[in-house]
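Examining the three-dimensional arrangement
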Amino acid sequence: MLNFSFDSSVDICNVTGVNDKTVSEIVIPDYVTSIESSAFKDCFALQCITLPFIGASKTAEKGYDQVLGYIFGYTISHGSAINGAICQYNSNNDFYCYYIPISLKTVILSDNVTSICSSAFYNCSNLTNVTIPDSVTFIGNSSFRNCSNLTCVTIGNGVSSIGQSSFENCSSLTSVTIPDSVTTIENYAFYGCVRLNAINVDTNNINYYSENNCLIEKTTNTLILGCNNSVIPTGITSIGDFAFSKYINLSNVIIPEIPTFALSLLYSTEYSAKISIN
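Residues numbered from 1 in each chain as written. Predicted model: local features only at pLDDT ≥ 70, side-chain atom pairs only at ≥ 80, totals over all residues. Heavy atoms only, no water.

**Section: the overall build of the chain**
Convention followed: Helix and strand definitions here come from DSSP, where helices need a minimum of 4 consecutive H or I residues and strands a minimum of 2 consecutive E residues; each element is numbered from the N-terminal end. Note on classification: 1.4 Å probe, protein chains only; a residue is buried when its accessible area is under 20% of the maximum for its type, exposed when over 50%, partly exposed between these limits. Any two residues whose heavy atoms approach within 4.5 Å are treated as being in contact. For accessible areas, the Shrake-Rupley method is used with a probe of radius 1.4 Å. Any residue's cover is judged against the shown protein chains and nothing else.
When helices and strands are tallied, the chain shows one helix and 23 strands. Within the chain, buried positions represent 48% of all 278 residues. In the chain, once contacts between residues fewer than 6 apart in sequence are set aside, the share between residues at least 24 apart is 32%. Carbon together with sulfur atoms contributes 47% to the accessible area of the chain, which is approximately 12600 Å² in total.

Quick look at the structure:
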């Protein structure tokens, strides 16, 4: 804690700032209970940060204080963009714009983190790597939406639910691995992941399986996500909405038989794919 300014008592350790703003890495110890807004503002060289929670504290609940940008400071805008700031939260046309340094590429969440709230990393387009520990059980809606440079996400073995649009428009992701703990994947979770080339599900998962780079729901045999290298397996009974949407490298889709397909397969493949039915 030598580089931090902080207030503390028996049960509280509140980080208020950093003494050396030229650091490239910050590690927040697990015993820290809260971080003030703007504590790390102007840390323009920061490349990696390790956090025991996301936002103000583990018990933050106001929305605007539950996102990554809170600790870097924010300005409230009424619609217009703010130079050098990223909008992560809005309420009643109040847009909260956060000063996340563009140098920040890697976020490591400690084993103290149990959930990732909605929009936690929303619009953090400069992030390339995020590590989600086994302690996390829930990934909230739009939590990584529009993280367009995110190339690597490690989903911990404790995650049970992946929320709606959680990884939507993560256009640099090339592979997804679903652990055996996941029981729910909401709609559009990986919508717009246009460079996805590999999909793998742990063989012990009771609700989902992967075959030929397809993500399939076991109880309905519904293909809910495909990718650029998918080969649709025999026995699939339906294809979910937007399963192949926006894939820029998709050149050929072969349907092995004629089940009850969602029409959105044809309409959401926005790049000139060749679709044939055997």
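**Description of the pairing of strand 5 (residues 48-51)**
Using the following cut-off: Two strands pair under a simple rule: DSSP has to find at least two bridges between them.
Every second residue of strand 5 is oriented toward a common face, with Cys48 and Thr50 on one face and Ile49 and Leu51 on the other, all of them buried. Sheet topology places strand 3 (residues 25-27) next to strand 5; three bridges connect them, and they run parallel. The residue bridging Glu25 from the neighbouring strand is Cys48, located in strand 5. Bridge count for strand 5 against strand 9 (residues 106-109) is four bridges, and the pairing is parallel. Directly across from Ile49, in strand 9, lies its bridge partner Val107.

**What to know about the layout of surface pockets**
Which entries qualify depends on this criterion: For cavity detection a 1 Å grid was placed over the protein atoms alone, and a set of points counts as a cavity when a 1.4 Å probe fits there but cannot get out; an open set counts as a pocket when protein lies on both sides within 12 Å along at least five of seven lines, with lining residues being those that have an atom within 4 Å of a point. Grid points are joined across faces, edges and corners, and a volume is the space filled by probe spheres set on the points. Only Asp, Glu, Lys and Arg are considered charged in this grouping, and only Ala, Val, Leu, Ile, Met, Phe, Trp, Tyr, Cys and Pro are considered nonpolar; every other residue, Gly among them, is considered polar.
Computed from the structure, the largest pocket encloses a volume of approximately 350 Å³. Glu186, Asn187, Tyr188, Ile224 and Asp241 are the residues nearest the centre of the largest pocket, which is lined by 17 residues in total. When residues of the lining of the largest pocket are traced back to their parent elements, those giving at least two are strand 19 (214-217) and strand 20 (222-225). With three residues, strand 20 is the single largest residue contributor to the lining of the largest pocket. Its residues placed into classes, the lining of the largest pocket shows eleven nonpolar, three polar and three charged. Its boundaries defined by the atoms lining it, the second largest pocket holds a volume of some 170 Å³. Lining the second largest pocket are 13 residues, with Ile54, Ser57, Lys58, Ser115 and Cys117 sitting closest to its centre.

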